[in-house]
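Notes for the structure review
What follows is each chain in one-letter form.
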Amino acid sequence: MTLNSLPISVIIPTHNRLESLKRLLNALQNQSYPSEHTEVIVVADGCEDGTIDFLREYQSPFRLRYLEQPGQGAASARNQGASIASGKILLFLDDDIQPAQQLIEAHIYQHQQSQQVVIGYLVPKLQTETAFFHIRLRIWWEEKFQTLAEVGHRFSYDDLLSGNFSVAAELFHQVGGFDPTFKCREDYELGVRLIESGARFTFAPEALGYHCDEVTNLTRSLQRKRNEAWADVQFGRCHPELMYKLRLSCYVTPQTRLDAVTIWLTFLIPGLTDLLMYGLRSCLDVLEALRLWHTWQRLNERLHGYWYLRGAIDQLKTQNALFALMQSGFIRPDERDPEIELDLQQGLEVAEKQIDDIRPGSLRIRYGNYPLGRIPPQAGVERLRGVHLRPLLGTHFTLPLFQVLTLDEGMRQ
């Protein structure tokens, strides 16, 4: 990489993870990017483990700054760090990330290519590689980043992961930063506003960090699902146009009779269904001991779904309130973004340039006089770019395009 150095501020929210923070700061001392262009801001959010005393004494080649606040959550901590940052680029890292040597350099390189939001690659570094829960967690992470790495991937609000991403400071402040009222899903909510602003997203696999999570286990994961439902209720109220994408929508039109009965009983007698689910939780240990992976996976999905539902009940109280919330979300995607018509007979390069010049929200595609179809507007995804066209043709228009090209060739003969 050839770099003209840009000042960057690395912002780290932390809460009672002193050993993880030490590991992260030590790794930042070995970055390939010049330390004189790097400042690191640590925001201690309700820490009671000596974090501030450690930071007062810590010696580093980069400028180290720190703040302390009562426990107000990671979103608030990140905003506090951003409020004093001097860098043109803000890089947010979670305190349990171990960055590879080139992580900062890779972020800077992408910003110099006119990207405004850069999502780094996170690899889970788990305590137990053979435990079923950790296998499933690794599968989720790898599938997520494989999708981000696909050529022509169209970025969505839920691609923004706060553990390792950077954003132009001006843009971050322009959209208002993180919403501190969110204690979960705050990165997704910020992603919505960044997408709406027209920001350019990219994925940088070279911006590698290892997610050294020593505390995540099955029990914490089930509690996390409950917290995610609380956040999704709040998210849906803030962004009703995205309600149909949330897991909440699954509980309005259950797919099976068993699902319908479970939802009805959970709203009616949640205490009793909780006891049943605690019992089923212990069955997962038995299934794992017997190495029954597929049965374990099905039960694991159901338990996570149940605790997500319980989180929604905590917020909404009644099934009618869930229906009312979902009905508020039946809003058409914003069609104010321009729609253009492409004629592929003029050539793919011409069509791609037309898309890049206008950045439409939707497309109508034809080949000469033959209509091929339409890409409708979608909420929560970036406006179309030229790089999206060929993947869209390969996934949405393969058959009609083949038919038209065959007909066109026959007429020429």
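Here we summarise the structure given alongside this text. Remember, it's a predicted structure, so these values are computed and weren't measured experimentally. (Residues numbered from 1 in each chain as written. Predicted model: local features only at pLDDT ≥ 70, side-chain atom pairs only at ≥ 80, totals over all residues. Heavy atoms only, no water.)

Regarding the overall build of the protein
Going by this rule: Secondary structure counts use DSSP, requiring at least four H or I residues in a row for a helix and at least two E residues in a row for a strand, with both numbered from the N terminus. Using C-alpha atoms as the atom set, the radius of gyration is obtained and then compared with a globule rule of 2.2 Å times the number of residues to the power 0.38. Note on exposure labels: buried denotes an accessible area under 20% of the residue type's maximum, exposed denotes more than 50%, and partly exposed covers the range between, all computed with a 1.4 Å probe on protein chains only. What makes two residues a contact is simply this: any of their non-hydrogen atoms within 4.5 Å. Using a 1.4 Å probe, accessible areas were evaluated by the Shrake-Rupley method; residue-level cover was limited to the displayed protein chains.
When helices and strands are counted, the protein shows 15 helices and 11 strands. At 24 Å, the protein has a C-alpha radius of gyration in line with the 22 Å of a compact globule built from 413 residues. Along the three orthogonal principal directions, the C-alpha set of the protein runs to about 80 × 60 × 40 Å. Here the protein holds 413 residues, and the buried ones make up 51% of them. Within the protein, residue pairs in contact and separated by at least 24 positions form 76% of the contacts whose partners lie at least 6 positions apart. Here the protein has roughly 19,900 Å² of accessible surface; of this, 52% comes from carbon and sulfur atoms.

A closer look at the sheet that holds strand β9 (residues 339-343)
Formally: Pairing between strands is defined by DSSP: at least two bridges between them are needed. Only the contacting stretch of a helix is used when fitting its axis, a line to C-alpha atoms as for every element, and angles between N-to-C directions run 0 to 180 degrees.
On the basis of which strands lie adjacent, the open sheet formed by three strands has the order β9-β10-β11 and mixed pairing. Single-partner strands in this sheet number two, and they are β9 and β11 (370-375). Neighbouring strand axes in the sheet, compared pairwise and without regard to direction, differ in orientation by 20° on average. As judged from the five bridges shared by β9 and strand β10 (residues 362-367), these two strands associate in the parallel manner. Within the sheet, the bridge partner assigned to L342 lies in β10 and is I365. Those strands touched by helix α13 (residues 348-358) are β9 and β10, and its axis lies near 165° from that of β9.

What about the pattern of salt bridges?
Applicable threshold: Salt-bridge detection follows one rule: a side-chain nitrogen of Lys or Arg within 4 Å of a carboxyl oxygen of Asp or Glu.
What the rule picks out here adds up to 29 salt bridges. When the shortest N-O distance is used, the salt bridge between R136 and E301 registers 4.0 Å. In this pair, R136 sits in helix α5 (residues 132-149) while E301 sits in helix α11 (residues 293-316), placing the two residues 165 residues apart along the sequence. Put simply, E352 and R390 hold a salt bridge, and the shortest N to O gap is 2.6 Å. Of this pair, E352 sits in helix α13 while R390 is found in helix α14 (residues 389-396), placing the two residues 38 residues apart along the sequence. Residue E352 is classed as buried on the basis of its relative accessible area, which comes to 16%. Overlapping salt bridges bring together R185, R224, K225, E228 and D232 as one network.

Some details on helix α8 (residues 218-238)
For clarity, the threshold we go by: Here, expected helix span is obtained from the residue count minus one, scaled by 1.5 Å. Polar contacts here mean pairs of N or O atoms no more than 3.5 Å apart (in protein, one a potential hydrogen donor and the other a potential acceptor; neighbouring residues in sequence count only if both atoms are side-chain atoms).
Here α8 is 21 residues long and its end C-alpha atoms lie 30 Å apart, about the 30 Å a rise of 1.5 Å per residue gives. Buried residues of α8: L218, S221, L222, K225, R226, E228, A229, A231, D232, V233, F235 and G236, and no others. By the N-cap criterion, in which a side-chain oxygen at the helix start approaches the backbone nitrogen of a residue two or three places on, α8 is capped by N217, the distance to T219 being 3.2 Å.

What to know about the environment of G361
Following the sequence through the fold, G361 ends up in the loop between α13 and β10. Along the primary structure G361 and P338 are separated by 23 residues, whereas in three dimensions their C-alpha atoms are 5.8 Å apart.

A few points about the packing of α5 against α11
Formally: We call two directions roughly parallel when the angle between them is under 35 degrees, roughly antiparallel when it is over 145, roughly perpendicular when it lies between 65 and 115, and oblique otherwise. Charged residues are taken to be Asp, Glu, Lys and Arg, nonpolar residues to be Ala, Val, Leu, Ile, Met, Phe, Trp, Tyr, Cys and Pro, and polar residues to be all remaining types, Gly included.
At a minimum axis distance of 11 Å, the contact between α5 and α11 shows a crossing angle of 75°. On the basis of the axis angle, α5 is roughly perpendicular to α11. On the side of α5, the interface is formed by F132, F133, I135, R136 and I139, while α11 contributes W293, W296, Q297, N300 and E301. Looking at the contact of α5 with α11 residue by residue, the class counts come to six nonpolar, two polar and two charged.

With respect to the packing of aromatic side chains
Our working rule: We call Phe, Tyr and Trp rings a pair once their centres come within 6.5 Å, taking the six-membered ring for Trp, and we label the pair stacked below 30 degrees between planes, edge-to-face above 60, and tilted otherwise. Placement of a charge over a ring requires the Lys NZ or Arg CZ to be within 6 Å of the ring centre, with the centre-to-atom vector within 35 degrees of the ring normal.
Per the stated rule, a full pass over the model turns up 20 aromatic pairs. For the pair F132 and W296, a centre-to-centre distance of 5.5 Å together with 75° between the ring planes defines the contact as edge-to-face. Of this pair, F132 sits in helix α5 while W296 sits in helix α11, placing them 164 residues apart in sequence. The buried category is assigned to F132, whose relative accessible area is 4%. Taking the relative accessible area as the measure of exposure, W296 reaches 1% and is therefore buried. Relative to W307, the ring of Y306 has its centre 5.0 Å away and its plane inclined at 80°; by these criteria the two rings are edge-to-face. Judged by relative accessible area, which is 2%, Y306 ranks as buried. Classification of W307 by relative accessible area gives buried; the value is 6%. One aromatic cluster is present, built from ring pairs that chain together Y121, W140, W141, F145 and F203. The side chain of R78 reaches across the aromatic face of F178, ending 5.2 Å from its centre. The ring of Y308 has R247 sitting right over it, with the charged end atom 5.6 Å from the ring centre.

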